[in-house]
Amino acid sequence: MIVAERKTIPELVEILRPHKKILVLGCGTCVTVCLSGGEREVSIISSALRIASRVQDLNFEIDELTIERQCDNIFIEQAAEPIRKADAVLSTACGAGVQAIAERFPEKPVYAGLNTTFLGILEERGVWTEKCAACGACILHKYGGICPITRCAKRMLNGPCGGSREDRCEVRADRPCAWQLIYKRLKDINQLERLKEMEPAKNWNPSLSGGPRMLIREDHRV
Amino acid sequence: MNTGNSEPKIVAFCCHYCAYAAADLAGSGRLQYPPNIRIIRSPCTGRLEINFFMKAFEAGADGVLVAGCEEGSCHFKDGNYLAKGRVNTTRQLLQEAGLEPERLRMVNVSAAGSQTFVEYVRDMVETITKLGPARHQKTTAKEQQGAIR
Ligand code: SF4
């Protein structure tokens, strides 16, 4: 899922300062699951903005709404009326959702309430970790299902770097060394042989070259 | 909640299994404590969410006291630990919004701790009196509709 984090209230106040009627618009998908931009968080952020508005004499009028998915026109439609009534929208969706709303309402200022941070999973209660960099050419099959690009701090394709202590990464002692995990996993599935192969430098064309990526599926088009 | 006068208004979320019982015991034992507290009984402090605290402040509370079981003795195992994390997160949010984090406090009381409960209430009232009203005078009519009375 997409993982995101709330911007601080002073940051949001600065962004919203020129406006009066503000719609805080939540998203019921990834950011609900990672507890950063769903209905509950919309309520919390809205309360904080109302309190900030009183304390700092800002005259904000805050409305709240959460739709199922902000990256999908079908659901955006349900928010059309409240969006039209507002002077500005503070979207607590991921960056894709914020832009989808902005595209649908060209006259309306739409701001991001969150910092979209990574593609990851819930590792334990209240802890999310990054697992995928969306590089566009998956190499997980070579590394026992552990992504060295995302999970090794030096993004080494032919690791380890030699700096790990016990099973900890030398860059972040609170995180495991990805290469320790890769070694262990390959051993467990009898594929240690894979480590004898040198991996050439990664071709980043599917990721960073050629501008924003697109996916076109002829089988789904008319 | 009317914030027009200078008496601080404090909402106390009390766990049914400990602090609420302690408050009850304080009452039957005729222990005196300031009348600024409005008690809301909760099945467990673990039921309390950040929104509850924020809504209380939004509605005009000057302070919020969360009273749960002593650490390690939650009726539902870890509800008071959950509450602790939520209280700390809310304190951070209050500070960001421009209110003093001291306006929200969590305490731990046993069901027999009527005297302790009374002391915590007195202490809280003293803190909030010193801080003064939570600068809520500008509450609009629309916002007052959902306010605590
Ligand atoms: S210690 Fe391991 S995870 Fe950290 S940078 Fe080196 S190889 Fe990568």
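Residues numbered from 1 in each chain as written. Chains lettered and ligands numbered in written order. Predicted model: local features only at pLDDT ≥ 70, side-chain atom pairs only at ≥ 80, totals over all residues. Heavy atoms only, no water.

Engineer: Got a minute to help me understand the overall build of chain B in this structure?
Structural biologist: A tally of helices and strands in chain B yields five helices and four strands. Taken from N to C terminus, the helices and strands of chain B fall in the order β-α-β-α-β-α-β-α-α. Taking all 149 residues of chain B together, 48% fall into the buried category. Summarising the internal contacts of chain B: among those between residues at least 6 apart in sequence, 79% fall at separations of at least 24. For chain B, the computed accessible surface area is about 7,100 Å², with 50% contributed by carbon and sulfur atoms. (Helix = DSSP H or I, 4+ residues; strand = E, 2+ residues; numbered from the N terminus. Buried < 20%, exposed > 50% of the residue type's maximum accessible area, 1.4 Å probe, protein only. Contact = heavy atoms within 4.5 Å. Areas by Shrake-Rupley, 256 points an atom, 1.4 Å probe, with all protein chains shown as cover.)

Engineer: Quick question: what am I supposed to make of the sheet that holds strand E2 (residues 37-42) of chain B here?
Structural biologist: Paired through their backbone hydrogen bonds, the strands of a sheet run either parallel or antiparallel. All names here are of chain B. Spatially, four strands are ordered E2-E1-E3-E4 in an open sheet, and the strand pairing comes out parallel. Of all strands in the sheet, those bounded by a partner on one side alone are E2 and strand E4 (104-108). Neighbour to neighbour, the strand axes of the sheet diverge by 20° on average, direction disregarded. For strand E3 (residues 63-68) and E4, the ladder comprises five bridges, and the chain directions are parallel. When the sheet's bridge partners are listed, Gly-68 is paired in E4 with Asn-108. (Pairing = 2+ DSSP bridges. Axes fitted to C-alpha atoms, helices over the stretch in contact; angles between N-to-C directions.)

Engineer: Looking at this structure, I do not really get the pairing of E2 of chain B. What am I missing?
Structural biologist: The two faces of a sheet get side chains in turn, since along a regular strand they alternate between them. All names here are of chain B. Pairing analysis gives six bridges linking strand E1 (residues 10-15) to E2, with the strands arranged parallel. Counted as the bridge partner of Cys-15 is Ser-42 from E2. Crossover handedness for the path E1 to helix H1 (residues 19-28) to E2: right-handed. (Right-handed = clockwise from strand over helix to strand, strands pointing away.)

Engineer: In this structure, what is going on with helix H2 (residues 50-58) of chain B? I would like to understand it.
Structural biologist: Note on helix geometry: an α-helix contains 3.6 residues per turn, so any two residues three or four positions apart are oriented the same way. Counting buried positions along H2 of chain B yields seven of nine residues, so the element is predominantly enclosed. Among the residues of H2 of chain B, those classed as buried are Ile-50, Asn-51, Phe-53, Met-54, Ala-56, Phe-57 and Glu-58 of chain B. Next to the buried residues of H2 of chain B lie helix H3 (39-55) of chain A together with E1, E3, helix H3 (79-97) and E4 of chain B.

Engineer: I'm lost on the pattern of salt bridges in this one. Help?
Structural biologist: Side chains bearing opposite charge may pair, as long as their charged atoms lie close to each other. Within the structure shown, the criterion is met by 26 salt bridges over all chains. In this structure, Arg-50 of chain A and Glu-58 of chain B form a salt bridge, with 3.0 Å as the shortest nitrogen-oxygen distance. You can see Arg-50 of chain A sitting in helix H3 and its partner Glu-58 of chain B sitting in helix H2, one on each of two chains. The exposure class of Glu-58 of chain B is buried, given its relative accessible area of 11%. Here Glu-123 of chain A and Lys-131 of chain A are joined by a salt bridge, their closest N and O atoms 3.6 Å apart. One connected set of salt bridges, linked through shared partners, spans Arg-40 and Glu-41 of chain A together with Arg-47 and Glu-49 of chain B. (Salt bridge = Lys/Arg side-chain N within 4 Å of Asp/Glu carboxyl O.)

Engineer: Help me out: how do you make sense of the environment of Thr-129 of chain A in this one?
Structural biologist: All names here are of chain A. As for its placement among the helices and strands, Thr-129 is situated in strand E7 (residues 127-132). Overall, Thr-129 belongs to the buried group, its relative accessible area being 7%. Counting along the chain gives 77 residues from Thr-129 to Pro-206, while the straight-line C-alpha distance between them is 24 Å. Setting aside its immediate chain neighbours within four residues, Thr-129 contacts Phe-118, Leu-119, Gly-120, Ile-121, Glu-123 and Arg-175. Among the polar contacts made by the side chain of Thr-129, one reaches the side chain of Glu-123 at a distance of 2.8 Å. (Polar contact = N/O pair within 3.5 Å; in protein donor to acceptor, adjacent residues only side chain to side chain.)

Engineer: Help me understand the packing of H1 of chain B against helix H4 (residues 114-131) of chain B in this model?
Structural biologist: The relative placement of two packed helices is expressed as an angle between their axes plus a distance between the axes. All names here are of chain B. At a minimum axis separation of 8 Å, H1 and H4 run at an interaxial angle of 95°. Comparing the axis directions of H1 and H4 gives the class roughly perpendicular. The segment H1 lies against H4, with Ala-19, Ala-22, Ala-23, Leu-25 and Ala-26 engaging Ser-114, Phe-117 and Val-118. Broken down by class, the residue content of the contact of H1 with H4 amounts to seven nonpolar, one polar and no charged. (Parallel < 35°, antiparallel > 145°, perpendicular 65-115°, else oblique. Nonpolar A, V, L, I, M, F, W, Y, C, P; charged D, E, K, R; others polar.)

Engineer: What should I look at first to understand the nonpolar core in this one?
Structural biologist: Grouped burial of nonpolar side chains is what soluble globular proteins tend to show. Of all hydrophobic cores here, the largest spans 38 residues; its most connected members are Ile-9 and Leu-49 of chain A together with Val-64 of chain B. Among the secondary structure elements, those contributing two or more residues to this core are helix H1 (9-16), strand E2 (21-27) and H3 of chain A together with E1, H2, E3, H3 and E4 of chain B. Every residue in contact with Leu-49 of chain A, bar those within four places of it in the chain, is listed here: Ile-9, Leu-12, Val-13, Leu-16, Val-24, Phe-60, Ile-62 and Leu-90 of chain A. If you look at the next biggest cluster of nonpolar residues, it comprises 19 residues, including Cys-15, Ala-22, Leu-65 and Val-125 of chain B. (Core = buried A, V, L, I, M, F, W, Y, C linked by side-chain atoms within 4.5 Å.)

These results come straight from atomic positions and should not be treated as a statement about function.
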